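Commentary on secondary and tertiary structure
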Amino acid sequence: MNTLRYSLSAPGSEPLLEDLKAYWMALGVTDLSLALALSEQTLRRLPDRPDDEESSARAIIAAGELLDDRLAAALDLPRPSPALRAARAALLSSAVPEWPSILFAPPSAAKPALERLRVAIAEPTPAPNPAPMPTQRIELFSLWFPLRWMQRLLGVSTAR
Amino acid sequence: MKPDFFWKKSMMQPSQPSTLGYTLRRMVFFTLVALTSLIALGLMVSVFQTNGLSPMELLLLALYTILFSWICVSFWTAFMGFWVILFGRDRWAISRQPPDTAPDPAVVSPRTAILMPIYNEDSERVFAGLRAIHQSLATTGQLDDFHFFILSDTRDPDVWVEEELRWQDLVRALDGKGRIFYRNRPENTSRKSGNLEDFCTRWGNQYRYMIVLDADSIMQGETLVEMVRLMELHPRVALIQTPPVPVNRTSLFARILQFASSLYGRMFTAGLNYWQLGESNYWGHNAIIRIQPFLDHCGLPKLPGREPFGGEILSHDFVEAALLRRAGWEVWLAYDLEGSYEEIPPTLIDYAKRDRRWCQGNLQHLRLAFSRGFNALSRLHFLMGVMSYAASPLWLLFLIATGVEAFIQTQQEQVYFFGENWMPVWPVSFAVEMTTVLLVTLTMLFLPKLLALLLLLKERRLRQAYGGMPGATLSVMLETVFSVLTAPVLMLFQTKFVLAILMRKAVGWPPQQRGDHQTGFAEAAMAHGGQTLLGVVAGTLSYLYVPAFFWWFTPVLLGLGLAIPVSMLSSSMALGRGAQRLNLFMTPEETEPPMVLRDLDRYLQDSEPTLPVLRQATSSRFMQALIDPYVNALHRSLLPEREPPGKRRRHYLEGLVQQLEEDGPDSLSPQQKRELIADPETLLRLHAWFWSRTPNLVST
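Quick caveat: nothing in here was measured; it's all calculated off a predicted structure. (Residues numbered from 1 in each chain as written. Chains lettered and ligands numbered in written order. Predicted model: local features only at pLDDT ≥ 70, side-chain atom pairs only at ≥ 80, totals over all residues. Heavy atoms only, no water.)

1. Observations regarding unusual backbone geometry
- Here the bond from Arg 79 of chain A into Pro 80 of chain A is cis, since omega is -5°, no more than 30 degrees from zero.
- Within the element layout of this structure, Pro 80 of chain A appears in the loop between α3 (53-75) and α4 (82-92).
- A positive phi angle, close to 50°, is found at Asn 120 of chain B, a residue other than glycine.
- Residue position: Asn 120 of chain B is located in the loop between β1 (112-118) and α4 (123-140).
- Phi is positive for Asn 583 of chain B, which is not a glycine, with a value near 70°.
- Secondary-structure assignment places Asn 583 of chain B in the loop between α19 (573-581) and α20 (588-591).
- What makes Asn 583 of chain B partly exposed here is its relative accessible area of 33%. (Helix = DSSP H or I, 4+ residues; strand = E, 2+ residues; numbered from the N terminus. Buried < 20%, exposed > 50% of the residue type's maximum accessible area, 1.4 Å probe, protein only.)

Here it is, written out as C-alpha cells:
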C-alpha cells in the first residue's frame, strides 16, 4: 500500500509537477500515480515556488533529497554519507528494479528486497590501512666522489 | 603431506647459486663479450693504422667499439640462452631452486593484490582483460587469495565515467564485490610510480604481494598462482619478473614483431637469466613484488635539476629494482614461466610513439648509473637502458663518419713512388680484414635468429606451434628483411627523440593508441616524409661523390626510401591475416590460443554488459554523468571525500558552469570537464539544471 498522502498542488505549479514527474520516472518509478504523489511530496518540501528554471532545479534536488531520506531510513544509514551516496547509486542501477514499491512500502514487506539492495551497494576500495613509504636517498654522481675517495684513501681528514 | 624421501630428493637436485656460481657465469659472459669486441677492434685498427690514425678514423674506431660491444652483449646473451634451452632448463632458475624454508601446509595462503594502473585507456579492452584473468584464476580454485585493483590515473572525463561503469558492470557480472576495486586519483602525481605508491601507502599493508600489470597485460591464473608460490618459497626474493609475450594483434607489423619476440625472446630471456641470476631487472609490469620491502626501499625521490635529466623519475621500474638490490633483496627473471602476455603497438608509427615515451626515462638513467650505492649489475641495467636509445644516434654518426671517410679516401691520389724508394710501393689491400669485420658484425646481428630457428628442431610441438619448419624458416627470412628495412627508420626516430630530449624539449605522456588501426597516407607522409627525403638526398650525394660507398649504403637507403609504403603496408590488418593464412609469422599463442586469450577475445566480441546504461549508445559519457540519474549517482558515490572547495575555486567552477550553460559542452576542454565532474556539488547542480531545462527531452 502506498504510504504517501496525496494532496493537490498549488495553482501555477503544474509545469513544475510535470518536470518532477518526468524526473521520478527517469529514476525508475513506473507507476504514474506514485510518480505524481512523489512529485507532490517533493513540491511540499519547497517553501516558495516561482515558476522558473531555478525553482525547477531546486525541485529536482529536493526530489533527490526525498529519495535519500527514504533510503537512509530504510537502510539505516547516516545522511549525508558516502554510504548513502553508494546506496543511491545501487538503487538506481536497476539491481532492484522494484525499488519504488519497496522503498515506500511498510518495512516488513521490503526486507528481502532491501537485502538485495545492500548487496548491490558498491565497495570501490577496501578500508585504508596506511603504511609509510619513505623517500629513498639517491646520491647522484659528482666530481667530488673520486676526490673524497682519494682523500679517504690517503687518510687525510678535513675535520679541524 | 609429501613423504620424507621426496622432500630430501628434491633438496638434492637443483641448488641455489653460490657466490662462486654468480662470479663464474659472469666471468664467462663478460670475457666472451670483451674478447669478441677486442678481436673486431683489432681488425679495424689493422685496417686504419697503416698510414697513422686520422681524427676521423679515431672517431670511427671509438664508435665501432661502443656499438660492437653493444651487439656483443646482445649476441652472447642470446647464445647463453640458446645453450640453456638446448640442454634443458637452467638449474639455477628461480623456478627450480629448492625452497629457502620448508613450506608449512598449515599456513594460510597470503592475499595478493593484482594491480592494473590505467591512464586514458580503452576501457572495454581493459575490463575484458581483467575479466579473462579473473576467469582464469577462478579455474585454479584460488580466486579468494587475490584481490583486483583498477588504479586509474585517467584524466579524460569521458573515459573516467566509462571506467566507472565498466567496473560496476564487472563487479556485478563476476559477483566481485569486495574483490574487484576501483579508484581514480584526484591528482596523477608522479604518474605510474605515484599511482602504485598511492596503492602501497593506502592498502599495501593488507597484502603480502602485489602483481603489477599493464593496461594490456594478460596473465594466466596458473601463472599468477605459481608466482605467489615461488615468492612464498623464497623469502629472500623481492621481485620476480615474468617475460611477457606479445599477442593478439593482427596487423602485419605487429604479427612480425610478435613472431620475433616470441621466437627470439625466449632465448634472450633465458640468456639474461643465465648471467644476471638474482640481480635481474624489473620491466614495470607482469611481475610480482613483495610489498614490505617495496614500501621500505622504493619510495622514489625527485632528481635534482630540470627535465630531461632532473625531476620525477620517469622509468621507475629499473630504479625500483636497483633500490631493492641495494637493500640486499634478490630480483629474478622467471624466464621459464609461461602464461604472461602483453599487447604491442599495432603500427610502426605507434611503436615509435611508445619509444618516445620510454626514451626520456631511459636517458635519465645515465645520471643514476654512476650514483652511489647501487650494485654493479644495476648500473649495467641502467647503461643498457641508455644504450637501447643512445645506440641510434651513435649508429647514425657512425654511418655519416664512414661516408665522410670514404669521400676523403676517394679524394686522395695514390702515390706509388716516394722517398728514396726507386721501386713502386703498391697500396696495401685490406679487403680481407674489412670483409671479416663486416662478416663478424653481420654474424653477431643475425646468428641469434638462426639459433632460435635451430632450437625448433629440438621439439616437434614447438615446431608445429611456429607454423612448421618451412613456415618458420621463411618467416625468419622475411622478418630479417623487414627488420633491415625498418631499422634505419627507427634509428632516425630514436635519434630525433634523443636530440629533442637533450635540447630539453620535454617529452609528454601521451596515451598509446593500442587497438589495431591502419596508417593512412597522410599520417605516413607526415611521420616519414622527412626520412624519405633524407634517404633520397643521402643516396644522391653518395652516388655522385662516393659511388663505391653507395652500394654498401643501399640497405639503409632502401629502408628510408621505402619508409612510407612500408609503414602503410605493414599496418594493414588484411596483410597480417593473409600472412597468417599462409602460415607465416605464426606464434604458439596463435596456433593454439590459451584459454585466457580465448576468453579475452570472447568477452570483446560477444559479451553483453550487465548494466543497461552500457548497452545504450552515447556520444559522451561526460554528458551522461550530468544527465543520467544513475551515472550521476554512481560517479558522485565514487568521488573521494574532500574539503569543500574554497572561495576562489567555487568562483572558478561557477565560471565553468556558466560556460557550459551558455556555450555548451564542446566549449569546454577535457580538463575543464573533468573539474566540473570532480566536484560533487557542481555535479549535482548541473544534473538538476539539465532536468529543469527540458526534462522530457532529457529523459528520452
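After that view of the structure, there is still more to cover.
2. Here we look at the sheet that holds strand β6 (residues 237-241) of chain B
All names here are of chain B.
- Taken in spatial order, the seven strands of this open sheet run β3-β2-β1-β4-β8-β6-β9, and their pairing is mixed. The sheet is open, and its two borders are formed by β3 (180-184) and β9 (330-333), each paired with just one other strand. Shown here is a sheet whose adjacent strand axes are inclined to one another by a mean of 20°, direction ignored.
- Examined bridge by bridge, β1 and strand β2 (residues 146-152) share seven bridges and lie parallel to one another. Note on β2: the bridge partner recorded for Ile 118 is Ser 152. (Pairing = 2+ DSSP bridges. Axes fitted to C-alpha atoms, helices over the stretch in contact; angles between N-to-C directions.)

3. Quick look at the interface of chain A and chain B
- Facing 45 residues of chain A, the contacting portion of chain B comprises 59 residues.
- Of the roughly 4,300 Å² buried at the junction of chain A and chain B (both faces included), carbon and sulfur atoms supply 61%.
- Connecting chain A to chain B are 17 residue pairs in polar contact (both at pLDDT 80 or more).
- Looking at the side of chain A that touches chain B, the elements that each hand over two or more residues are α1 (14-27), α3, α4, α6 (107-120) and α7 (144-154) of chain A. (Contact = heavy atoms within 4.5 Å. Buried area = accessible area lost by both parts, 1.4 Å probe. Polar contact = N/O pair within 3.5 Å; in protein donor to acceptor, adjacent residues only side chain to side chain.)

4. A few points about the packing of aromatic side chains
Residues and elements named next belong to chain B.
- Enumeration according to the criterion identifies 31 aromatic pairs over all chains in this entry.
- Taking 5.0 Å as the distance between ring centres and 40° as the angle between the ring planes, the aromatic pair formed by Phe 149 and Phe 181 counts as tilted. Placement of Phe 149 in strand β2 and of Phe 181 in strand β3 is noted, with a sequence separation of 32 residues between them. The same class applies to Phe 149 as to Phe 181, namely buried.
- Pairwise contacts between aromatic rings join Phe 75, Trp 76, Phe 79, Phe 82, Trp 83 and Phe 87 into one cluster.
- If you follow Arg 131 out to its NZ or CZ, it ends over the ring of Tyr 603, 4.6 Å from the centre. (Phe/Tyr/Trp six-rings, centres within 6.5 Å; stacked < 30°, edge-to-face > 60°. Lys NZ or Arg CZ within 6 Å of the ring centre and 35° of its normal.)

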